[in-house]
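Notes for the structure review
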Amino acid sequence: MTIPLTYLYAPGDRPEVVGKAIRSGADVVIVDLEDAVAPERKKYALAATAELLTEPQPLPVHVRINSPRSPEEIETLTGLPGLSALRVPKVTHGTDIPPVAGLAPGVPLYPLLESALAIEHAYAIASAHPAVHGIGIGEADLRADLGVRDGGTALDWPRSRIVVAARAAGLAPPVQSVFPDIRDLDALYASCTHGRALGFVGRAAIHPRQLPVIERAFRPAPEEISAAVAVVKAAAADGGAQALPDGRFVDAAIVAAAERTLALARRVAP
């Protein structure tokens, strides 16, 4: 299974933009029925998205619905050949998930945690149902709920909380939330490298120009790959704990981390 690094949002009421997103080179496209769509265009966005997804798509297409309590959206989209997953915003409790899973049998679900209450319930949400394949954080809504300013490290604690919750639930590492400034690519890269250090793998984008920056930030650098190769080779030669010539200590945990680095470099899940 290929490890996706880039996720591109596109508004559900703009079919032409969704089509461009599918051709953009993103690993995953997220059709947004929520924040990107005005209230009076919600029904049209759902109809246009359902029409698009009546056919299989050349890459995974997720749809962000409006809330866990959107039965019309869930029932309309479930079973369509082009749908790969549902992104579920406004989740606050683990009990929000089973009703969605019941309306969407067999559809992978990705709850989005966007409030202080949701962050407190992160593990309960991540482990609420086998249909949950991953969790994410909605940083704009969470900032508003917490009253913290944009930028910096103010959200590092909730970011780490969902990384730990995902791992504890046996899920893939979460995907970093969007970076709202589509012009400042240097700041985007710095933010991505910080997110990667916290344990995120990949990031959502709101513009195609952000995609190559995200991929470059999350792909292991050549020196990381070389170091990982050295660790794996050393472990293969001697299964016990040991020190490499450069003084690094190698044990099972270090080997596992090196193997994850090489898997990410190949973009293939271990």
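Summarised in this report is the structure supplied together with it. Along each chain, numbering runs from 1 in the same order as the chain's sequence is written. Local features in this predicted model are restricted to residues whose pLDDT is 70 or higher, and side-chain atom pairs enter the listing and the counts only when it is 80 or higher, whereas totals over whole chains, interfaces and linings include all residues. Based on all heavy atoms of the structure, the side-chain values leave hydrogens and waters out of the count.

**Some thoughts on the side chain of Asp-32**
Structurally, the position occupied by Asp-32 is in strand S2 (residues 28–32). The cut-offs for exposure are 20% and 50% of the maximum accessible area for each residue type, with area from a 1.4 Å probe on protein chains only; residues under the lower value are buried, those over the upper are exposed, and the others partly exposed. We classify Asp-32 as buried; its relative accessible area is 3%. Polar contact is defined as a pair of N or O atoms within 3.5 Å, subject to the rule that within protein one atom must be able to donate a hydrogen and the other to accept it, and that residues adjacent in sequence are counted only when both atoms are side-chain atoms. Within the local environment of Asp-32, its side chain forms a polar contact with the backbone nitrogen of Ala-36, the two atoms lying 3.1 Å apart. A distance of 2.7 Å separates a polar atom in the side chain of Asp-32 from a polar atom in the side chain of Arg-64. Once residues lying within four places of it in the same chain are set aside, the contact partners of Asp-32 are Tyr-9, Ala-10, Pro-11, Gly-12, Val-37 and Arg-64. Strands here are runs of E lasting at least two residues and helices are runs of H or I lasting at least four, both read from the DSSP assignment and numbered beginning at the N terminus. Whether two residues touch is decided by their heavy atoms; if any such pair falls within 4.5 Å, the residues are in contact.

**What about the nonpolar core?**
Counting residues in each nonpolar core, the largest one holds 62 residues, and the members touching the most others are Val-63, Leu-77, Leu-86, Leu-109, Leu-113, Ile-135 and Ile-162. Counting residues per element, this core draws most heavily on helix H10 (residues 211–218), at five residues. The residues contacting Leu-113, other than those within four sequence positions of it, are Val-91, Ala-118, Ile-119, Ala-122, Ile-125, Ile-135, Gly-136, Ile-137, Gly-138 and Ile-162. In these notes, a set of buried Ala, Val, Leu, Ile, Met, Phe, Trp, Tyr and Cys residues joined through side-chain atoms within 4.5 Å is what counts as a nonpolar core. Listed in part, the seven residues of the second largest apolar core include Tyr-9, Ile-30, Leu-112 and Ala-204.

**Overview of the packing of helix H9 (residues 185–198) against H10**
Here the axes come from fitting lines to C-alpha atoms, over the contacting stretch only for helices, and the angles between their N-to-C directions go from 0 to 180 degrees. At a minimum axis distance of 9 Å, the contact between H9 and H10 shows a crossing angle of 35°. Read as a crossing pair, H9 and H10 show a hand that is right-handed. Contacts between H9 and H10 involve Leu-185, Leu-188, Tyr-189, Cys-192, Thr-193 and Arg-196 on the former and, on the latter, Val-213, Ile-214, Arg-216, Ala-217 and Phe-218. All amino acids are sorted into three groups, where Ala, Val, Leu, Ile, Met, Phe, Trp, Tyr, Cys and Pro are nonpolar, Asp, Glu, Lys and Arg are charged, and the leftover types, Gly among them, are polar. Taken together, the residues of the contact of H9 with H10 break down into eight nonpolar, one polar and two charged. Helix crossings get a hand from a simple test, with the near helix turned counterclockwise from the far one by less than a right angle marking a left-handed crossing and a clockwise turn marking a right-handed one.

**Regarding the environment of Pro-158**
Along the polypeptide, Pro-158 turns up in helix H8 (residues 156–168). The exposure class of Pro-158 is buried, given its relative accessible area of 6%. Sequence-wise, Pro-158 and Ala-38 are 120 residues apart; in three dimensions their C-alpha atoms are separated by 29 Å. Those residues within four positions of Pro-158 in sequence are excluded, and the remaining contacts are Ile-119, Ile-137 and Leu-142.

**Things to note about unusual backbone geometry**
At Lys-90, a position not held by glycine, the phi torsion is positive, near 60°. Turning to its location among the elements, Lys-90 is positioned in strand S4 (residues 85–91). The exposure class assigned to Lys-90 is partly exposed, which follows from its relative accessible area of 38%.

**Topic: the side chain of Glu-73**
For Glu-73, the location among the structural elements is in helix H3 (residues 71–77). All tallies of charge rest on Lys and Arg as positive and Asp and Glu as negative; His and the ends of each chain are not included. Salt bridges, as used here, are contacts in which a Lys or Arg side-chain nitrogen is within 4 Å of a carboxyl oxygen on Asp or Glu. In this structure Glu-73 is buried but unpaired, with Lys-42 as the nearest side chain of opposite charge at 6.3 Å. Other than its neighbours up to four places away in sequence, Glu-73 contacts Leu-33, Leu-46, Ile-65 and Asn-66.

**A word on the packing of aromatic side chains**
Only rings of Phe, Tyr and Trp enter the pairing, Trp through its six-membered ring, and a pair is recorded when the two centres are within 6.5 Å. The plane angle decides the type: under 30 degrees is stacked, over 60 is edge-to-face, the rest tilted. Counted by the stated rule, this structure contains zero aromatic pairs. Any Lys NZ or Arg CZ found within 6 Å of a ring centre and within 35 degrees of that ring's normal is scored as a charge over the ring. One Lys or Arg, Arg-87, reaches over the ring of Tyr-110 and ends 4.4 Å from the middle of that ring. The residue whose ring lies beneath Arg-216 is Tyr-189, and the NZ or CZ to ring-centre distance is 4.3 Å.

**Quick word on the pairing of S4**
By the criterion of burial, S4 is predominantly enclosed, with six of the seven residues buried. Any two strands between which DSSP finds at least two bridges are classified as paired. As paired strands, strand S3 (residues 61–64) and S4 are joined by three bridges and run parallel to one another. Pairing of Val-63 across the sheet is with Leu-86, part of S4. The handedness of a crossover follows from its direction of travel: if, with the strands pointing away from the viewer, the path from the first strand over the helix to the second runs clockwise, the crossover is right-handed. In terms of handedness, the path from S3 via H3 over to S4 forms a crossover that is right-handed. For the handedness criterion, the β-α-β arrangement of S4, helix H4 (residues 97–103) and strand S5 (residues 109–113) is classed as right-handed.

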